[in-house]
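Chain residues, written in single-letter form:
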Amino acid sequence: MFMPHEFDQEFLLDSQALLHAVSLMGKVSEGANTASIGDVLPETGMGSVETLNQLAPLVLGHAARLGAPTAFAHKDPPTPWITWATTLWNASLNQNLLHPATAPVARQLEEKVIAWLCPYFGMTGGHMTPGSSAANLTALWAARECAGITEVVASDSAHLSIKKAANILGLRFTMVPTDAQGVLCTEALPRDMSRAALVLTSGTTSVGALDPLELIGRAAWTHVDAAWGGPLRLTCFADRLAGIEHADSVAVSSHKWLFQPKESALVLFRDSVKATEAISFGGAYLTEPNVGLLGSHGATAIPLLAMLMSWGREGVAQRIERCMALADELADFIRRDTRLVLFAEPMTGIVAWRAIEPKVTERLTQQLPAGMISTVAIGQHQWLRNTAANPNADMALMIETIRKVLDAE
Ligand SMILES: *Cc1c(COP(=O)(O)O)cnc(C)c1O
């Protein structure tokens, strides 16, 4: 029983209990379900170790396994264990990057990560956000303040967060059509973009298309939503995003292709001093101005920094390039099988495809293992989609599995 006059041990390091929590991660068994957790807040607690034992079969046992051999559907990657360790440090320290006093070193480490990554995008600075939805909003907010924009122009394949940002910021949203490959149609752009922010997507949500970065500079502000494709800049595929360095701002989700635990993303600016000032507010109790959307926020930069130190640029590149090779292998198989149609050559590790017969596409949707494919409607067709976020995906097994469903006609 908790005694107020005694030191509360719950706030101290209990290595043994933490090791127990870690050991539970290694022997995952499905058990329990959410019904086994009561519907009302318990009056008396069961204690930490018992809680872990009860939650493990539920939280660990029923989770989607993003690093499984057939996990190849979503932009959510498995995370390397060094990010688990440093996330545990983060939780125990609970630094608040809003104040230098509550995050003396964490703020500097975020600056370091930003400084490491900026050159790959030709940007001069920026900060971390909890995702690219927030990064896109932050960038368009800076665009409104710095360039006086009244309109956001993006393709019909831009992420919904762009339209959402325009809505929040009170900006008109103009949607431009895409071509057969899912790329923004240049000729459909408004003639006058002198009061507009043009958003180009590097790796669209549905098919991974790359909008032409030659368009940068046509509008008062150009933002590149590289939430998915951005990390290619660290790889041998960097040229696919050539010209990104001319953008006014860039968004990258590190919780996608930089293998970070959620919520982790970057918003970067070409003129970071100006952009940052435009979105800074200084409350009386703050020694440093509050930059961007968030108030209190944590040290998401530390797991990213740790992974970058551990792997180096090369290690990051190897894993992304492995993902790209897996996507190419899958695309090759689809191209060769006369029963299947490939939407377009995968430019960013996203493979959209379907069977010629809609009923076969339907059967694939129903029979392929959970987590192996997702679906997306484009035009009048239902397409299947694979996303190469898992470097450990077993492509031979996946192709074999697809073939079996196709042959069961
Ligand atoms: C995922 C994604 C977003 C949104 O990013 P979150 O990190 O999920 O908030 C925006 N744009 C594109 C192209 C994306 O793939």
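Predicted model only: the values in this text are computed from it and were never measured. (Residues numbered from 1 in each chain as written. Predicted model: local features only at pLDDT ≥ 70, side-chain atom pairs only at ≥ 80, totals over all residues. Heavy atoms only, no water.)

Caption draft 1: Representation of the pattern of salt bridges within the structure. Per the stated rule, a full pass over the model turns up twelve salt bridges. Arginine 270 is paired through a salt bridge with aspartate 248; the nearest N and O atoms lie 3.3 Å apart. Within this pair, whereas arginine 270 is found in the loop between strand S7 (265-269) and helix H7 (272-278), its partner aspartate 248 is found in the loop between strand S5 (221-225) and strand S6 (249-253), the two being separated by 22 residues in sequence. The partly exposed category is assigned to arginine 270, whose relative accessible area is 36%. (Salt bridge = Lys/Arg side-chain N within 4 Å of Asp/Glu carboxyl O. Helix = DSSP H or I, 4+ residues; strand = E, 2+ residues; numbered from the N terminus. Buried < 20%, exposed > 50% of the residue type's maximum accessible area, 1.4 Å probe, protein only.)

Caption draft 2: Representation of the side chain of serine 155 within the structure. Structurally, the position occupied by serine 155 is in strand S2 (residues 151-155). Classification of serine 155 as buried rests on a relative accessible area of 2%. Polar side-chain contacts of serine 155 include one of 2.9 Å to the backbone nitrogen of serine 157. (Polar contact = N/O pair within 3.5 Å; in protein donor to acceptor, adjacent residues only side chain to side chain.)

Caption draft 3: Geometry of the packing of aromatic side chains. Tallying each qualifying case throughout the model produces four aromatic pairs. Where tryptophan 141 meets phenylalanine 281, the ring centres are 6.2 Å apart and the plane angle is 20°; that geometry is what we call stacked. Here tryptophan 141, found in helix H5 (residues 132-147), pairs with phenylalanine 281, found in strand S8 (residues 280-281); they are 140 residues apart in sequence, far enough to count as distant. We classify phenylalanine 281 as exposed; its relative accessible area is 52%. Between the aromatic rings of tryptophan 228 and tryptophan 257, the centroid separation amounts to 4.2 Å while the plane-to-plane angle is 20°, which identifies the pairing as stacked. With a gap of 29 residues between them, tryptophan 228 in the loop between S5 and S6 and tryptophan 257 in the loop between S6 and S7 connect regions that are remote in the sequence. According to the relative accessible area criterion, tryptophan 228 is buried, its value standing at 0%. On the basis of relative accessibility, which here comes to 0%, the residue tryptophan 257 falls in the buried class. Over the ring of tryptophan 311 we find arginine 319; its NZ or CZ atom is 3.7 Å from the centre of that ring. One residue, arginine 354, lies across the ring of tryptophan 383, its end atom 4.7 Å from the ring centre. (Phe/Tyr/Trp six-rings, centres within 6.5 Å; stacked < 30°, edge-to-face > 60°. Lys NZ or Arg CZ within 6 Å of the ring centre and 35° of its normal.)

Caption draft 4: Inspection of the state of the cysteines at higher detail. If you walk through the whole model with that rule in mind, you get zero disulfides. We note that cysteine 118 lacks a disulfide partner, and the nearest cysteine sulfur, in cysteine 146, lies 16 Å from it. We classify cysteine 118 as buried; its relative accessible area is 4%. Cysteine cysteine 236 remains unbridged, with the sulfur of cysteine 323 as its closest cysteine sulfur at 12 Å. (Disulfide = S-S within 2.5 Å.)

Caption draft 5: Representation of the packing of helix H8 (residues 301-336) against helix H10 (residues 395-407) in the model. One can describe the packing of H8 onto H10 by two numbers: an axis separation of 10 Å at closest approach and a directional angle of 25°. Here H10 runs roughly parallel to H8, going by the angle between their axes. Remark: the crossing between H8 and H10 carries right-handed chirality. Residue-level contacts link Leu326, Glu329, Leu330 and Phe333 of H8 to Met395, Ile399, Ile402, Arg403 and Leu406 of H10. Residue classes in the contact of H8 with H10 are distributed as seven nonpolar, no polar and two charged. (Axes fitted to C-alpha atoms, helices over the stretch in contact; angles between N-to-C directions. Parallel < 35°, antiparallel > 145°, perpendicular 65-115°, else oblique. Left-handed = near helix turned anticlockwise from the far one by under 90°. Contact = heavy atoms within 4.5 Å. Nonpolar A, V, L, I, M, F, W, Y, C, P; charged D, E, K, R; others polar.)

Caption draft 6: Expanded view of the sheet that holds strand S11 (residues 350-355). Overall, antiparallel pairing links the four strands, which are arranged S10-S11-S13-S12 in an open sheet. Each of the sheet's edge strands pairs with one partner strand only, and the pair in question is strand S10 (340-342) and strand S12 (374-378). Strand after strand, the sheet turns through a mean of 40° between neighbouring axes, direction not considered. One ladder, built from five bridges, connects S12 with strand S13 (residues 381-387); its direction is antiparallel. Looking at the pairing, alanine 377 lines up with glutamine 382 of S13. Across the face of the sheet, helix H9 (residues 358-367) comes into contact with S10, S11, S12 and S13 while running at roughly 125° to S11. (Pairing = 2+ DSSP bridges.)

Caption draft 7: Structural detail: the pairing of S11. Of all six residues making up S11, six are buried, and the element is well covered by its neighbours. Where burial is concerned, the two faces of S11 agree: the one with Ile350, Ala352 and Arg354 and the one with Val351, Trp353 and Ala355 are both buried. Both S10 and S11 contribute to a ladder of three bridges, which runs antiparallel. What sits directly across from valine 341, in S11, is arginine 354. The pairing of S11 with S13 spans four bridges and is antiparallel. Each bridged residue has a counterpart across the sheet, and for valine 351 the counterpart in S13 is asparagine 386.

From the geometry alone we can't say anything about function, so treat these as descriptive.
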